[in-house]
Structure formats: structure tokens, C-alpha cells
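The chain contents come next:
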Amino acid sequence: MNHDHSRPHPETRAVHPHVIEPVGSRPIGVPIHQGHIFAFDGADAMADAFAGPRSAFFYGRFANPTVRSLEEAVADLEGGTAALATGSGMGAINAVLMGLLRSGDHVIAQSCLYGGTYALLAGLAERWGVEVTHVSGNDPEEVRAALRPQTRLLYLETIANPTTQVADLPALIAVARDADVTAVVDNTFAPVLCRPFEHGADIVIHSATKYMGGHADILGGVAVFADDVKYQQVWKHSIELGAAPDPFAAWLTLRGFATLPLRIARQTRTALDLAHRLEAHPAVTHVAHPGLASHPQYELAQRLLPDGAGGVLSFDVQGGREAGRTFTDSVELLSLAASLGDVSTLVMHPASTSHRQLDAEALAAAGIGEGTVRIAVGLEHPDDLWADIDQALAKTA
Ligand SMILES: *Cc1c(COP(=O)(O)O)cnc(C)c1O
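Everything numeric in this text was worked out from a predicted model, so none of it was measured.

Section: the overall build of the protein
So, step 1. Looking only at helices and strands, one finds 14 helices and 12 strands in the protein.
So, step 2. Here the C-alpha radius of gyration of the protein, 24 Å, is about what a compact globule of 397 residues would show, namely 21 Å.
So, step 3. Each of the three principal axes of the protein carries a C-alpha extent, and together these read 85 × 55 × 35 Å.
So, step 4. Classification of the 397 residues of the protein by burial places 51% in the buried group.
So, step 5. Of the accessible surface of the protein, which amounts to about 18,400 Å², a share of 54% is contributed by carbon and sulfur atoms.
So, step 6. Seen as two clouds, the 27 positive and the 45 negative side-chain charges of the protein have centres 3 Å apart.

Take a look at the structure:
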């Protein structure tokens, strides 16, 4: 074949496409930078890129422009100085805990925690020599009594699953700050509704898989930092851990992020509406949503979550475990599925699924009934959701 020597061969041209950057206009949304390597014009520029998280992009596990856009959006939402996005919520939690703790350190953590976090802390205690004391999450004196010279970290969740317990962030974090203990808050259940930095938190974590992504199509996590030293420390550990998200997942998360305030406002409103209707239903013995006056942290929720106390509610059906399972078997519009924060409404029976490793005593201690049903409210019309809940409740009688 004749070859035009003024141009490289087809194989060579095939791997060197012309990368189009807009000139004279700019995209209004964040582009997907799916590529994980970036080229430099000189050796010094490339060497400089290895200096830290804010240097030029060079390799995707360290930083990526699409991922950075997501990090900046979440840092801005929470009011932090920097954020680190990861491939899942557990990736963010691992990066924070393992990036900040060492053997011999002591952690004070809430009792009712996300299952993965609880298991991670138990593993750190068993295999890495990190000691853990669990506290209720509502009593600052309990935190004060648990403090030791080795206490490094206080770990809380704004709203706990599935009990909807609201942690007393201001009171508990104040005790931690007095003792120079880093306060970490998992705010997955209350993005937009609560800003834990305003209550003294040092680090805020989200499973972006839930409300932030919002469409049940990505796994993601974000840790936001009030202070740059902790950010750099956790970033360094996360690149060693390999916790980086895929840029496409980060892009989908940003797409969800655009409607996050609208979605969560609606989900919160519908959840409270359904909670009121459930409270009035004769087959229901107990309803938990922090917006109900009957909720043990109602007053706290009014202060901490003035714009609404989240889109998750749980309730107990007359007839215990059997009735709870009958309910989840009988729903038609609601999906029997794990997770939360999706545009569609999800229902599950914690005692037989997410909390099955807990025996009756541990379930009771966590505040979860044998028949407790959890609903993570989506964007459907509340009347349609109620019609389905009502017919499923009728089957439990
Ligand atoms: C789901 C969840 C996590 C873990 O997030 P993944 O994205 O599944 O890894 C952590 N904390 C809370 C409160 C969650 O709901």
C-alpha cells in the first residue's frame, strides 16, 4: 500500500484523535472526562503534578476534572473547604477512618449505625487495635464519660436507619471539640436539610448512592472536610486505598445533584404526610419519623432539621414479624428493595434483611421491632402511595 510520508500511518493516527476543546464557547454542564491520564508539555510540569491533590491532573486515581467538579459541588453544599469523592459511601467511610486512625486510638460511635459502618468499626477493633465505645447519640454526658486520652474520633449519623433517631449533633460535637476529638457525621439521610459543619463537625460523609445520585444508577461516596490538613491526610490514604470513583459515575451523581434540593424537599413532605396517615391507621401500632410530635427527638429535629426531617419513615404493624412480612409481600406500587433516596418508593423489612444478624435482644436495643417496616419515599404522588400502603395494610389484618 502506498503511504503518504507527510502523515503518520493509520494505526498511529487511530490512537491520536484530535481532542476538541471548545473555543469561543463553553459547555454549561460538566463534561465527562472519562480518560484517566493527562499529558504534559514538559518534564517540570509533569513533575509538579505529583505534588498533591490540587496540582495538575495526571492520573485518575489521584484526581479527575469531572470528579473534582462533584467534589466542589458537595463541598459547597456542606460549606466545607474541600471534598473527596469515592467509588461508594463505604469507600469514603474507610478512607476517613483508616486515613485518620492508628492502632491504640479510641473511637466513640453511635450504637445505631449503618450496618457497613458498624461492621467496619468492629473489624478495626478486632484486627487493627482500634478501641470503640458505642453511645446512644442523644446524651452528651455519655460521650463525656466515654472520653479517654486516646480518643481521636466521634462518629455520628444525622438520622439513623431505620429508627429515624436524630443525633444531638450540637451537644455531642461540643463535647468532642472540648476534648480535641475529630467529629465525623454521616449525613447521607439529610443532605440539604442539615449542614453538620454549622454544628461543629470536622468531617461530613455522604453515601452519594442514595439521595445525591438519586436515581439508583450509581454507587458513590463523598467526604467533606472543614480543615485542609485532614483533607490532605485522608486524600493520601484514599489514593493508596484505591477508592476513586469512575468519572461516569461522578458525572451521573452531578446530574442527580442538580435536582437534589427539589427531590428531598418533596420526599420529606410526602414522608411526613404518609407518617401522619399511618399514625391514624388502626393496624399500625407505632410510626417513626422525626417530623411527628410523637417522635422522641421531635424538639431536636425542629431545631436541627427545620426544613424537614427526611424521606425515610418506619412503622410497626399489629401482628409483629408475620404482619410486617405480609405487608412487604403485599405492596404493588412500592418496590421491595434495599437502599433509599431513589425517585421511586422503596420498602423493606429490616429484621429479616438489613438487620438479620441482630438477635431479638440486639434488635430491641437498636430500637427495631420484629415487625418494623421501613419506607424510603420517592417522588410518586402521595395519594397513590397511600392507596398502595392502605391496601397492603388491609392484608395484614
Ligand atoms: C448506604 C449507606 C452507606 C454506605 O454507602 P454505599 O454507597 O452503599 O457504600 C453509609 N451510610 C449510610 C447512612 C448509608 O445509608
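Next comes the rest of the description.
Considering the pairing of strand S3 (residues 131–135)
So, step 1. One ladder, built from five bridges, connects strand S2 (residues 106–110) with S3; its direction is parallel. Looking across to S3, one finds that Gln 110 is bridged to Val 135.
So, step 2. Note on the crossover from S2 through helix H5 (residues 115–127) to S3: the handedness is right-handed.

Some details on unusual backbone geometry
So, step 1. Put simply, Asn 161 and Pro 162 share a cis peptide bond, and its omega is -10°.
So, step 2. Position of Pro 162 relative to the elements: it lies in the loop between strand S4 (151–157) and helix H7 (169–178).
So, step 3. Of note, Asp 180 is a non-glycine position whose phi angle comes to about 60°, a positive value.
So, step 4. Here Asp 180 lies in the loop between H7 and strand S5 (182–186).
So, step 5. Residue classification places Asp 180 among the exposed residues on the basis of a relative accessible area of 71%.
So, step 6. With a phi angle near 70°, Val 192 is a residue other than glycine that sits in the positive phi range.
So, step 7. Its location among the elements puts Val 192 in the loop between S5 and strand S6 (203–207).
So, step 8. Residue Val 192 is classed as partly exposed on the basis of its relative accessible area, which comes to 28%.

Some remarks on the domain arrangement of the protein
So, step 1. Along its sequence, the protein is carved into domain 1 (43–257) and domain 2 (261–394).
So, step 2. For domain 1 and domain 2, the distance between their C-alpha centroids amounts to 26 Å.
So, step 3. Contact residues are listed per partner, giving 30 residues for domain 1 and 33 residues for domain 2.
So, step 4. Counting the contacts that link domain 1 with domain 2 gives zero salt bridges.
So, step 5. On inspection of domain 1 and its partner domain 2, the count reaches 10 residue pairs in polar contact (both at pLDDT 80 or more).
So, step 6. Sorting the residues of the side of domain 1 that touches domain 2 by element identifies H7 and helix H9 (247–257) as the ones contributing at least two each.
So, step 7. By residue class, the composition of the side of domain 1 that touches domain 2 is 17 nonpolar, 11 polar and two charged.

Structural notes on the packing of helix H4 (residues 89–100) against H5
So, step 1. The geometry of H4 relative to H5 is characterised by a closest axis approach of 11 Å and an angle of 30° between their N-to-C directions. Overall, the two elements H4 and H5 adopt an arrangement that is roughly parallel. Crossing angle aside, the handedness with which H4 passes H5 is right-handed. In contact with Met 90, Ile 93, Asn 94, Leu 97 and Met 98 of H4, H5 contributes Gly 116, Thr 117, Leu 120, Leu 121 and Leu 124.
So, step 2. Classifying every residue of the contact of H4 with H5 gives seven nonpolar, three polar and no charged.

Considerations on the site of the ligand
So, step 1. Near the ligand the following residues occur: Ser 88, Gly 89, Met 90, Ile 93, Tyr 114, Asp 186, Thr 188, Phe 189, Ser 207, Thr 209, Lys 210 and Gly 220.
So, step 2. Measuring from an oxygen atom of the ligand, one finds a backbone N or O atom of Met 90 at 2.8 Å.
So, step 3. Between Thr 209 and the ligand, the recorded distance is 2.6 Å, taken from a side-chain N or O atom to an oxygen atom.
So, step 4. Contact with the protein chains removes 92% of the 380 Å² of surface that the ligand exposes when unbound.
So, step 5. Counting residues per element, the shell around the ligand draws most heavily on H4, at three residues.
So, step 6. Partitioning the shell around the ligand into residue classes produces four nonpolar, six polar and two charged.

A word on the side chain of Asn 94
So, step 1. Along the chain, Asn 94 turns up in helix H4.
So, step 2. Setting aside residues no more than four positions away along its own chain, Asn 94 makes contact with Gly 99, Leu 120, His 237 and Leu 241.

Regarding helix H3 (residues 65–78)
So, step 1. Between its first and last C-alpha, H3 extends 20 Å over 14 residues, near the 20 Å set by a 1.5 Å rise per residue.
So, step 2. For H3, the tally of buried residues reaches 11 of 14 residues, placing the bulk of the element in the interior.
So, step 3. If you check which residues of H3 are buried, you get Pro 65, Thr 66, Val 67, Arg 68, Leu 70, Glu 71, Ala 73, Val 74, Ala 75, Leu 77 and Glu 78.
So, step 4. Looking at the buried positions of H3, the neighbouring elements they touch are strand S1 (82–86), S6, strand S7 (221–225), helix H8 (228–241), H9 and helix H10 (260–279).
So, step 5. For H3, the capping residue at the N-terminal end is Asn 64, with a side-chain oxygen 2.8 Å from the backbone nitrogen of Thr 66.
So, step 6. Where H3 ends, the next residue or the one after it, Gly 79, has phi of about 80°, a positive value.

Thresholds applied
Just so you know, the residues in each chain are numbered from 1, in the order the chain's sequence is written. Only residues with pLDDT of at least 70 are given local features in this predicted model, and only at 80 or more are side-chain atom pairs given and counted; all residues enter the totals for whole chains, interfaces and linings. For side-chain calculations, the full set of non-hydrogen atoms in the structure is used, while hydrogens and water are omitted. Strands here mean DSSP runs of E at least two residues long; helices mean DSSP runs of H or I at least four residues long; both are numbered from the N terminus. Note on method: radius of gyration uses C-alpha positions; expected globular size equals 2.2 Å times residues raised to 0.38. Only protein chains enter the calculation, and the probe is 1.4 Å; a residue is then buried if its accessible area is under 20% of its type maximum, exposed if over 50%, and partly exposed in between. Per-residue and other accessible areas follow the Shrake-Rupley method at a 1.4 Å probe size, with only the shown protein chains counted as cover for residues. Counted as positive: Lys and Arg. Counted as negative: Asp and Glu, with His and the chain ends omitted from the count. The atom standing in for a charge is NZ when the residue is Lys, CZ when it is Arg, CG when it is Asp and CD when it is Glu. Two strands make a pair as long as DSSP finds a minimum of two bridges between them. When the strands point away from the viewer and the path from the first strand over the helix to the second turns clockwise, the crossover is right-handed. For the domains described, the bounds stem from an automatic or database domain assignment. We call two residues in contact whenever any of their non-hydrogen atoms come within 4.5 Å of each other. Just to be clear on terms, a salt bridge is a Lys or Arg side-chain nitrogen sitting within 4 Å of an Asp or Glu carboxyl oxygen. Identification of polar contacts relies on pairs of N or O atoms within 3.5 Å, with a donor-acceptor requirement for protein atoms, meaning one able to donate a hydrogen and the other able to accept it, and with residues adjacent in sequence counted only if both atoms are side-chain atoms. Asp, Glu, Lys and Arg are counted as charged, while Ala, Val, Leu, Ile, Met, Phe, Trp, Tyr, Cys and Pro are counted as nonpolar; the rest, among them Gly, fall into the polar class. Working convention: axes come from line fits to C-alpha atoms, limited for helices to the stretch in contact. Angles between N-to-C directions cover 0 to 180 degrees. Roughly parallel means an angle under 35 degrees; roughly antiparallel means over 145; roughly perpendicular covers 65 to 115; every other angle is labelled oblique. Here a crossing is called left-handed whenever its near helix is offset anticlockwise from the far helix by less than a right angle, and right-handed whenever the offset is clockwise. Proximity is defined per residue: if any heavy atom of the residue lies within 4 Å of a molecule or strand, that residue is considered near it. Helix span is expected to be 1.5 Å times the residue number reduced by one.

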